[in-house]
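Examination of the molecular architecture
Listed below are the residues making up each chain.
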Amino acid sequence: MGSKAKKKISEKRKPSQQLPKKVKKNIVLQQKNTPPPAADKKNVSPYQVVLHNYETAVKKIQLDEEIALLIKTPDRELRVELPVKMDDGKLNIFIGYRVQHNNARGPYKGGIRYHQDVDLDEVRALASLMTLKTAVADIPFGGAKGGITVNPSQLSKNELERLTREFTSKIDLVIGPSEDIPAPDVNTNAGVMSWMMDEYSSRHGYSPGVVTGKPIELGGSLGREEATGRGVCLALREAAKTYKLDLKKAGVAIQGFGNVGSNTARILDEEMGVKVIAIGDVQGAIYNQRGIRYRDALHQLKTTGSVVGLKGCVKLSNEELLEMKCDVLIPAALDGQLHAGNAANVKAKLIVEAANNPTTFEADEIFASKNIPVVPDIFANSGGVTVSYFEWAQNMQRFRWEYSTVVRELEKIMMNSYAAVQKSSEKYKVTLRIGAFILAVERVAKATMLRGK
Ligand code: NAD
């Protein structure tokens, strides 16, 4: 990018929020409309997938071109350099990002990912999806996402804490309870949120509302930890009614056994009586046609670091899990898992996207041709951000809800969202994904026009 195209982020801040020179040099406001990077090995990059679906939705409703352009591109992209002293005394430089996509409907909102593959394209895609997700759930937030390019399993706890605090101090100028509220995502959890909240509070006073997904003791919400998984199960329950799938007889395969995958497996197995026949994690997958008990898989993970090796199960690769014979496939790990190279081999009757952006648009076309419905991420995994909204609202009111209230209110929102997504897809005769995109774009466009931007 040319220097003229770069704009210091401090130009957008109030004088009292100006940055010290040392910090300024690491912070660059990227030019709007920066093209996505070249296609990756799966043919398309995460942001290209989001843009493709966005363009399809916008074209279908013939949205005003200027509004469409305004919503399409992120409002602000922050790239920060993170020098961290490692335990052995050496200095390591990490790179972090915070992309604020849109705040027409409320403060920016979205998780923080720690992963070796994090790059600007991925964060941009995930930030855009957050804008659409909060609009589908009809909660008063916009969309953002952040991440650090790091393999956290190679860092000690102390190194992770120093990295998290450095990142928080570098993005301090753009986050805040009424501006931008981070949350956990892949490889981040309530502990990471505690460090972020503490670091931010050291400058601004006690501010529990600056992050969600915190421990209960620090203002976290009952039911937040399991919320994304619970929402996924509600999404599956509603979609199963539409597509006449008898869940009592169904076998479910889940890729990913972290926060989202494990809570989905637990609720399916222990609350809904639905058989989970395969589970995968980063080390591989396991399969048992008779069903895998959640507590056995959890015990295996806790004692060995992976579900792989659980007694009585056949070992599969992650690719085999995605292509195995099952009724429901739930990708709950990373993006781009279902793509042009494997979609034709998928045998599931229904796909419920617990992960963000797990399906490329090429795979979507193949699933549509095979009549495999895909319950899209911006609805299916919206339980997490919905309960994050409940947590934030409790923090702002200095009040705590009971667990039963959280679960009841979450169910209400998930059911309303499903009905709205379905109605939209029927009205425009499009897939559930494009129906959800249209619903979200219409809501964001309405807010944008009302605010007169
Ligand atoms: P997590 O870090 O808790 O778990 C990730 C899981 O994926 C782990 O089991 C890991 O072993 C597995 N995994 C990692 N790489 C893999 C690979 N290459 N193949 C197979 N499995 C792999 O993360 P999470 O919070 O459960 O998030 C999972 C997905 O759900 C992500 O796409 C995330 O963006 C999305 N999501 C999370 C939340 C939330 O509240 N945490 C909310 C909405 C969406």
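Scroll up for the structure.
Residues numbered from 1 in each chain as written. Predicted model: local features only at pLDDT ≥ 70, side-chain atom pairs only at ≥ 80, totals over all residues. Heavy atoms only, no water.

**Comments concerning the pattern of salt bridges**
- Under the counting rule described, the total for this entry stands at 30 salt bridges.
- We note a salt bridge from E226 to R230, for which the minimum N-O separation is 2.6 Å. Just as E226 is buried, R230 falls in that class too.
- One continuous salt-bridge network, built from bridges that share partners, spans R113, E122, K145, D185 and D335. (Salt bridge = Lys/Arg side-chain N within 4 Å of Asp/Glu carboxyl O. Buried < 20%, exposed > 50% of the residue type's maximum accessible area, 1.4 Å probe, protein only.)

**Here we look at helix 14 (residues 403-428)**
- The terminal C-alpha atoms of helix 14, which comprises 26 residues, lie 38 Å apart, in line with the 38 Å expected from a rise of 1.5 Å per residue.
- Of the positions making up helix 14, those classed as buried are V406, L410, I413, M414, S417, Y418, A420, V421, Q422, S424, S425 and Y428.
- For helix 14, the elements touching its buried residues are helix 2 (46-61), helix 4 (120-137), helix 7 (227-242), helix 12 (377-380), helix 13 (383-397) and helix 15 (432-451).
- Downstream of helix 14 by one or two residues, K429 has phi in the positive range, about 55 degrees. (Helix = DSSP H or I, 4+ residues; strand = E, 2+ residues; numbered from the N terminus. Expected span 1.5 Å × (residues − 1). Contact = heavy atoms within 4.5 Å.)

**Let's talk about the nonpolar core**
- Residues L63, L268, I330, V352 and V375 are the most contacted members of the largest nonpolar core, which totals 86 residues.
- Looking at which domains feed residues into this core, each of domain 1 (3-210) and domain 2 (227-359) gives three or more.
- Apart from residues no more than four positions distant in its own chain, V352 is found in contact with V232, A235, L236, V328, L329, I330, P331, V375 and A380.
- Residues L78, M86, L160 and V174 belong to the second largest nonpolar core, which totals 26 residues. (Core = buried A, V, L, I, M, F, W, Y, C linked by side-chain atoms within 4.5 Å. Domains from an automatic or database assignment.)

**A few points about the site of the ligand**
- As a structural note, the neighbourhood of the ligand is formed by 22 residues, with D185, N187, T228, F257 and N356 the closest of them.
- A333 is positioned with one of its backbone polar atoms (N or O) 2.9 Å from an oxygen atom of the ligand.
- In the complex, the protein chains occlude 86% of the 830 Å² of accessible area that the ligand would expose alone.
- Split by domain, the shell around the ligand shows at least three residues from each of two domains, domain 1 (3-210) and domain 2 (227-359). (Near = heavy atom within 4 Å. Polar contact = N/O pair within 3.5 Å; in protein donor to acceptor, adjacent residues only side chain to side chain. Areas by Shrake-Rupley, 256 points an atom, 1.4 Å probe, with all protein chains shown as cover.)

**Concerning helix 9 (residues 294-304)**
- Looking only at helix 9, the buried set comprises Y294, A297 and Q300. Down the axis of helix 9, the buried side of the element spans an arc of 130 degrees, and every buried residue falls inside it. Every exposed residue of helix 9 that faces more than 90 degrees away from the buried side is listed here: H299, K302 and T303.
- Those residues of helix 9 that are buried lie in contact with helix 8 (259-271) and strand 7 (275-281).
- Just downstream of helix 9 lies G305, where phi reads positive at about 90 degrees. (Arc of directions from axis to C-beta.)

**Brief notes about the sheet that holds strand 1 (residues 76-85)**
- Within the open sheet, the 5 strands sit side by side as 1-2-4-3-5. Their pairing is mixed. The open sheet has two edge strands, strand 1 and strand 5 (180-184), and neither has a second partner. Sheet twist, expressed as the average angle between the axes of neighbouring strands with direction ignored, equals 20 degrees.
- Sheet topology note: the strand 1/strand 2 (residues 91-102) ladder contains 10 bridges and is antiparallel. Looking at strand 2, one finds that E77 is bridged to V99. (Pairing = 2+ DSSP bridges. Axes fitted to C-alpha atoms, helices over the stretch in contact; angles between N-to-C directions.)

**Focus on the sheet that holds strand 12 (residues 374-375)**
- Reading across the sheet, the 7 strands line up as 9-8-7-6-10-11-12 and stay open at both edges, with mixed pairing between neighbours. Either end of the sheet is taken by a strand with one partner, and the two such strands are strand 9 (314-316) and strand 12.
- The pairing of strand 11 (residues 350-352) with strand 12 spans 2 bridges and is parallel. Following the sheet pairing, I351 is matched in strand 12 by V374.
- Across the face of the sheet, helix 7 comes into contact with strand 10 (328-331), strand 11 and strand 12 while running at roughly 155 degrees to strand 11.

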